Amino acid sequence: MRNKLGNIPLSLIIVTAAAFVAMAVGVALFGDRSGPTATAEAGHAHEITVNQPQLQHVALNDPEDSIPIADLPVIKGELGFAPNVVPALNRDYRAHVEVELEVIEEVMELADGVEYMFWTFGGTVPGPMLRVRHGDYITFTLQNHPSSMMPHNIDLHAVSGQGGGAEATLISPGQQATFSFTALQPGVYIYHCATAPVGMHIANGMYGLIVVEPKEGLPPVDKEFYIVQGDFYTKGDFGERGLQEFDMQRAINEDAAYVVFNGQVGSMVGDNALFVDVGDTIRLFLGNGGPNLSSSFHVIGEIFDEVWVEGGTLKNYNVQTTMIPAGAAAVAEFTVDVPGTYNMVDHAIFRAFNKGAIGQLVATGPKNEDIFTERTDLSPYNPE
């Protein structure tokens with residue numbers, strides 16, 4: 001098999017490697033039916049059930065989906081301003097939903113004593129939450145206030161079509177534009193401005209969430225909240241007072257001066273905290289506008305019963321921290337068992353305590369010492 005120099009020919013090495021790869025693929029795909037797997041199947045030993053949804057497009061093939069658009073009831077779309085949500089949809093029929101959203105450029109507070117020129121949808125960061133039903137036909141009008149200095153548009157990740165609507169809605173100050181789309185797939189989706197330079201428009205606060213409920217609706221919970229993380233790039237460092245300008249080089253370097261929830265340091269702290277009762281079931285609609293940083297969202301002292309991974313159909317259970325990429329979303333659900341102040345953080349932890357990514361959920365109600373006690377002992381410790 002070796003040549004005169006004692007080396008194995010390259011062609012033989014390649015053929016042998018290919019044979020091993022083919023064998024490995026065969027085992028991975030079909031397994032050894034005579035080995036431990038077959039025994040486990042016969043005796044149901046070590047059986048594992050994986051909760052996987054059907055990985056296929058959710059078809060719109062109900063009779064209501066064939067109703068001509070002109071015959072659909074027309075509904076004005078509601079807006080929910082963070083941390084408040086649009087109430088759950090209370091209808092079991094397809095509709096023509098009309099949505100209007102205004103772009104406003106406005107100086108607002110980024111932190112105590114720190115101002116920033118935000119570019120906004122609806123005058124807030126994040127922009128308002130939108131909520132529609134799977135199969136709805138949405139007519140969307142974007143308006144750019146005459147006082148704006150920049151052109152703007154919107155890319156809704158729930159849209160199947162060119163640019164998510166970005167090209168159709170590119171408008172100068174003092175203009176408005178309209179386009180329409182069908183909500184083809186249920187889920188929770190980010191929307192954002194996509195006008196060049198795209199990163200700058202997003203970094204200035206132009207993002208929000210659109211929720212496309214499944215036709216059967218969402219299971220009822222006691223409280224729902226709307227939270228979107230974003231990273232901001234200012235000339236001054238964190239806490240440097242006064243009106244701060246956007247720093248493009250800092251943004252390119254992904255060196256965020258601020259990482260915050262709902263557009264402001266302290267947006268959900270103290271009097272602005274989210275207040276709930278012990279025993280409440282909580283649903284958090286979570287987004288990450290970015291533009292750069294992924295979010296490691298965590299509630300200190302709680303475990304998520306369910307997480308809708310990236311806002312889609314797949315669910316994960318008993319989750320401590322969920323990853324939300326930039327330009328993505330998630331839904332976290334849990335029940336508050338005992339009273340307390342629960343800090344919500346980006347668990348890339350310096351962002352929480354040094355850049356602003358912290359909020360609070362305050363639960364009031366009876367204690368349950370079977371679940372949790374306060375400190376029961378404090379005494380000296382001498383290991384000798």
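Residues numbered from 1 in each chain as written. Predicted model: local features only at pLDDT ≥ 70, side-chain atom pairs only at ≥ 80, totals over all residues. Heavy atoms only, no water.

All right, on to the nonpolar core then. Membership of the largest hydrophobic core comes to 59 residues, with the highest contact counts inside it found for I227, F232, F285, F297 and L361. A per-element tally of this core places strand β19 (residues 328–335) first, with six residues. Once residues lying within four places of it in the same chain are set aside, the contact partners of F297 are I227, F261, L284, L286, F304, Q320, T321, T322, I324, M344 and V345. (Core = buried A, V, L, I, M, F, W, Y, C linked by side-chain atoms within 4.5 Å. Buried < 20%, exposed > 50% of the residue type's maximum accessible area, 1.4 Å probe, protein only. Helix = DSSP H or I, 4+ residues; strand = E, 2+ residues; numbered from the N terminus. Contact = heavy atoms within 4.5 Å.)

So, on to the sheet that holds strand β17 (residues 315–319). By way of backbone hydrogen bonds, the strands of a sheet pair with one another, either parallel or antiparallel. With mixed pairing, six strands are arranged side by side in an open sheet as β12-β10-β14-β19-β16-β17. With one partner strand each, in any of the chains shown, β12 (258–261) and β17 form the two edges of the open sheet. Going from strand to strand, the sheet's axes swing by 20° on average, the running direction of each strand aside. Bridge count for strand β10 (residues 223–232) against strand β14 (residues 281–290) is eight bridges, and the pairing is parallel. Residue pairing for β14: Q229 is matched across the bridge by N288. (Pairing = 2+ DSSP bridges. Axes fitted to C-alpha atoms, helices over the stretch in contact; angles between N-to-C directions.)

Under the definition given, this model contains 10 aromatic pairs. A centroid spacing of 6.1 Å and a plane angle of 50° characterise the contact between F140 and F179, whose relative ring orientation is tilted. Within this pair, whereas F140 is found in strand β5 (residues 137–144), its partner F179 is found in strand β7 (residues 176–182), the two being separated by 39 residues in sequence. Taking 5.8 Å as the distance between ring centres and 50° as the angle between the ring planes, the aromatic pair formed by F304 and F334 counts as tilted. Remark: F334 occurs in strand β19 and F304 occurs in strand β16 (residues 304–308); sequence separation between them is 30 residues. Taken individually, F304 and F334 each receive the classification buried, so the pair is uniform in this respect. Pairwise contacts between aromatic rings join F261, F297, F304 and F334 into one cluster. (Phe/Tyr/Trp six-rings, centres within 6.5 Å; stacked < 30°, edge-to-face > 60°.)

Most of strand β21 (residues 358–364) is tucked away, with six of its seven residues classed as buried. The pairing of strand β13 (residues 274–277) with β21 spans four bridges and is classified as parallel. Bridge pairing links D277 to T364 in β21. When strand β20 (residues 340–346) meets β21, the two strands line up antiparallel, connected through six bridges. Bridge pairing links N343 to Q360 in β21.

With 85% of its residues at a pLDDT of 70 or more, the protein shows a mean pLDDT of 90. The low-confidence segment residues 1–6 (pLDDT under 50) makes six contacts with residues lying over four places distant or belonging to another chain. Every residue in residues 27–50 is under pLDDT 50, and counting partners more than four places away or in other chains gives five contacts. (pLDDT = per-residue confidence, 0-100.)

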